[in-house]
Structure formats: structure tokens, C-alpha cells
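In case you want the letters, here they are:
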Amino acid sequence: MIGNRRLVEHLGSIPGITNLMMANEERNLDIIILTNGDITRVDSQATEVRQTINHLADLLLDCFDT
């Protein structure tokens with residue numbers, strides 16, 4: 001659950017690539033974010049990439065899930 005949304009989510013990453021897929025089955029809404037951001041490291045840049053991906057997903061869901 002994110003907010004009031006029930007989502008199916010998959011986050012995958014390898015060094016240098018991070019991808020996120022989210023589906024809101026109730027609204028028939030899917031988003032996919034493909035990046036060359038690396039979240040496999042344990043440093044501030046990886047944390048920023050993860051936060052940015054999550055923020056983009058929230059913005060996209062807010063934009064299209066009205």
C-alpha cells in the first residue's frame with residue numbers, strides 16, 4: 001500500500017541499472033521507470049537515486065490516478 005493505493009510492485013537492479021514497475025489493478029494503471037541509476041552501492045548517491053525513483057513514481061501515480 002502506498003497512501004490509499006493497493007499496488008503490485010517490482011524493483012530490480014544490477015550495478016548501473018535500476019528499474020521499477022508498479023501496477024494499480026483497481027484503476028488499470030501501470031507505470032514503469034527505467035534508469036541508469038545505481039542503487040546497489042551503499043552511499044549517498046545510491047540513496048538519492050532510490051528517493052528520486054520513489055518520488056517520480058508518486059508523482060506519476062498522482063498525475064494519472066485521479
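Cut-off values and rules
Residues numbered from 1 in each chain as written. Predicted model: local features only at pLDDT ≥ 70, side-chain atom pairs only at ≥ 80, totals over all residues. Heavy atoms only, no water. Salt bridge = Lys/Arg side-chain N within 4 Å of Asp/Glu carboxyl O. Buried < 20%, exposed > 50% of the residue type's maximum accessible area, 1.4 Å probe, protein only. Pairing = 2+ DSSP bridges. Helix = DSSP H or I, 4+ residues; strand = E, 2+ residues; numbered from the N terminus. Axes fitted to C-alpha atoms, helices over the stretch in contact; angles between N-to-C directions. Contact = heavy atoms within 4.5 Å.

**Comments concerning the pattern of salt bridges**
Should their charged atoms come close, side chains of opposite charge can pair.
Piece 1. Summed over the entire model, instances satisfying the criterion amount to 1 salt bridge.
Piece 2. For the salt bridge of arginine 41 with aspartate 43, the shortest nitrogen-to-oxygen distance reads 3.0 Å.
Piece 3. The class of aspartate 43 is partly exposed, set by a relative accessible area of 30%.

**Observations concerning the sheet that holds strand 3 (residues 29–35)**
Piece 1. Taken in spatial order, the 3 strands make up an open sheet running 1-2-3, and their pairing is antiparallel. If you trace the sheet from one side to the other, it starts and ends with strand 1 (8–14) and strand 3, each paired once. Taking each pair of neighbouring strands and ignoring which way they run, the sheet shows an average axis angle of 5°.
Piece 2. Pairing of strand 1 with strand 2 (residues 17–24), which is carried by 7 bridges, proceeds in the antiparallel orientation. Among the inter-strand pairings, histidine 10 is bridged to a residue of strand 2, identified as methionine 21.
Piece 3. Along the sheet, helix 1 (residues 44–64) makes contact with strand 1, strand 2 and strand 3, crossing strand 3 at roughly 150°.

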